[in-house]
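# Chains, contacts and geometry: an overview
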Amino acid sequence: MGDDHEHAQEWAAVRTKALESLLVEKGILSSDAIDEVVRTYEQDIGPMNGARVVARAWTDPAFKARLLTDGTSAVEEMGYGGLEGGQLAVSENTDDVHNVVVCTLCSCYPWPVLGLPPTWYKSSAYRSRVVIEPRAVLSEFGLTVEEDTELRVWDSNSQVRYMVLPQRPEGTEGWTVDQLAELVTRDSMIGVAKVATPSGVA
Amino acid sequence: MNGVHDMGGMHGFGPVPIERDEPVFHAEWERRVFGLSLALGQKMRSTGPQLRGAIEALPPETYLAVSYYEKWLRSKENLLAQAGLIDPAELDARTRHFMANPDEQPVRRDDPGQRRAMRERLDGRYPAETGAAIEPAFSVGDGVKVSVFNPSGHTRVPRYVRGKAGTVQRFYGVHDFEDVGCGDVPPQQPIYSVRFEAVELWGDAVDGRGAGYLDLWESHIEPPG
């Protein structure tokens, strides 16, 4: 890091400008097509989608059943689907089972419901370690999984993408879907965190 | 291929670099690399195996040294050069130009038609299942063993499961086969979710009750024997 890191960033920035300018000049790509992609993944598609899916599953048992059986069709009911999400599987956390998702080979991730993966998800450390020492990795996120809880590690391939259905926190009885969705974090849907009981609730 | 990208179970990479409240992109160039990569994918009709294979084909020293989006950038350069769309010498010359003129931005040229096509691509649906009527050879609950093989091209089978015994948990339908250079195997195959007990994968190294799950194509697995 430090100087090397800054130097690499500078080089990549200049190289990207060079590549984009050639692609646009040659008529291979248009600037506004690139803008459209960036805007979509920076503003429209992200973990707020998955949070709504989770909140609905917490409040609608029939939807939850469909979500666990056929995640792709269930999230499509809410309008979510598309690139890097051709097939979605959802794994449910319970008192006895905790699920966590990785892509050891690269960065497969359910874009339509979670957006683009965070840098740590794509890091060598996470990809190498979470399969062999998941508890040690989860503890770095501040999550303790007891030795007798079954810890399932889902190594995503290109075809089926995974999302975790976290447990609904205590003290949220009677909450609306919108209120619940506010509580659901990206990390809880990857499985490196739980959804915390909201403050002020006993 | 048995590359450095296949890192499941490796030691030595240190703690996970967790960044709180991370932005979607960390710099303008990451935005542009991401955007132009998807736009190129649409334009060149690139396949997943091509894109992933191009990243895995980066020299191992480079793969480990550079950031995620720089891997995208370098692999796109290589794909564009192979397709004859960008001359590497021209790209080097243009890079020197922008180094000498740091305030200059790439020329803008908009094209409503291309933008609309991109929008349609972003709004589209891409079912992973092909719908082909192929009867799966294995059933849920079957014991299976992962074949031992070392393809030189892209494969979805990481080294840490090869030769390991597992149980079929779920059938995910028929999909295109995504491995490259595996010889005479069907181009469409059933995919199964296979469960491997943690102790089968890692022996004494396990840190508690657990299992690893991986989706495998039918030609990746065989009866336990």
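Attention in this report is confined to the structure presented alongside it. Since the structure is predicted, the reported quantities are computational estimates derived from the model, not experimental observations.

Time to look at the interface of chain A and chain B. In this assembly, 90 residues from chain A lie in contact with 97 residues from chain B. Taking both partners together, chain A and chain B bury about 8800 Å²; carbon and sulfur atoms supply 57% of that area. On the chain A side of the contact with chain B, A:Arg15, A:Leu105 and A:Ile132 bury the most area, a combined 9% of that side's loss. On inspection of chain A and its partner chain B, the count reaches 14 salt bridges. Of the charged contacts in the structure, one is a salt bridge between B:Arg108 and A:Asp35, with a shortest N-O distance of 2.7 Å. Taken together, the links from chain A to chain B amount to 54 residue pairs in polar contact (both at pLDDT 80 or more). In terms of residue count, the dominant contributor to the side of chain A that touches chain B is helix H1 (residues 3-25) of chain A (17 residues). Split by residue class, the side of chain A that touches chain B holds 42 nonpolar, 24 polar and 24 charged. Note: strand E3 (residues 150-155) of chain A against strand E4 (residues 210-217) of chain B, five bridges, orientation parallel. Its bridge partner lying in E4(B), A:Leu151 is registered against B:Gly210.

Another point: the packing of H1(A) against helix H1 (residues 28-44) of chain B. Contact pair H1(A) / H1(B): the axes reach a minimum separation of 9 Å and the direction vectors enclose 40°. Every pair of crossing elements has a handedness; the one defined by H1(A) and H1(B) is left-handed. On the side of H1(A), the interface is formed by A:Gln9, A:Ala12, A:Ala13, A:Thr16, A:Leu19, A:Glu20 and A:Leu23, while H1(B) contributes B:Trp29, B:Arg32, B:Val33, B:Leu36 and B:Leu40. Each residue belonging to the contact of H1(A) with H1(B) can be placed in one class, and the counts come to eight nonpolar, two polar and two charged.

In this section: helix H4 (residues 68-82) of chain B. The end-to-end C-alpha separation of H4(B) is 21 Å, in line with the 21 Å expected for 15 residues at 1.5 Å each. Among the residues of H4(B), B:Tyr68, B:Tyr69, B:Glu70, B:Lys71, B:Trp72, B:Leu73, B:Ser75, B:Lys76, B:Glu77, B:Leu79 and B:Leu80 are the ones counted as buried. Elements in contact with the buried residues of H4(B): H1 and helix H6 (111-114) of chain A together with H1, helix H2 (48-56), helix H3 (60-65) and helix H5 (88-100) of chain B. B:Gly84 lies just past H4(B) and shows a positive phi near 75°.

The rules behind each value
Residues numbered from 1 in each chain as written. Chains lettered and ligands numbered in written order. Predicted model: local features only at pLDDT ≥ 70, side-chain atom pairs only at ≥ 80, totals over all residues. Heavy atoms only, no water. Contact = heavy atoms within 4.5 Å. Buried area = accessible area lost by both parts, 1.4 Å probe. Salt bridge = Lys/Arg side-chain N within 4 Å of Asp/Glu carboxyl O. Polar contact = N/O pair within 3.5 Å; in protein donor to acceptor, adjacent residues only side chain to side chain. Helix = DSSP H or I, 4+ residues; strand = E, 2+ residues; numbered from the N terminus. Nonpolar A, V, L, I, M, F, W, Y, C, P; charged D, E, K, R; others polar. Pairing = 2+ DSSP bridges. Axes fitted to C-alpha atoms, helices over the stretch in contact; angles between N-to-C directions. Left-handed = near helix turned anticlockwise from the far one by under 90°. Expected span 1.5 Å × (residues − 1). Buried < 20%, exposed > 50% of the residue type's maximum accessible area, 1.4 Å probe, protein only.

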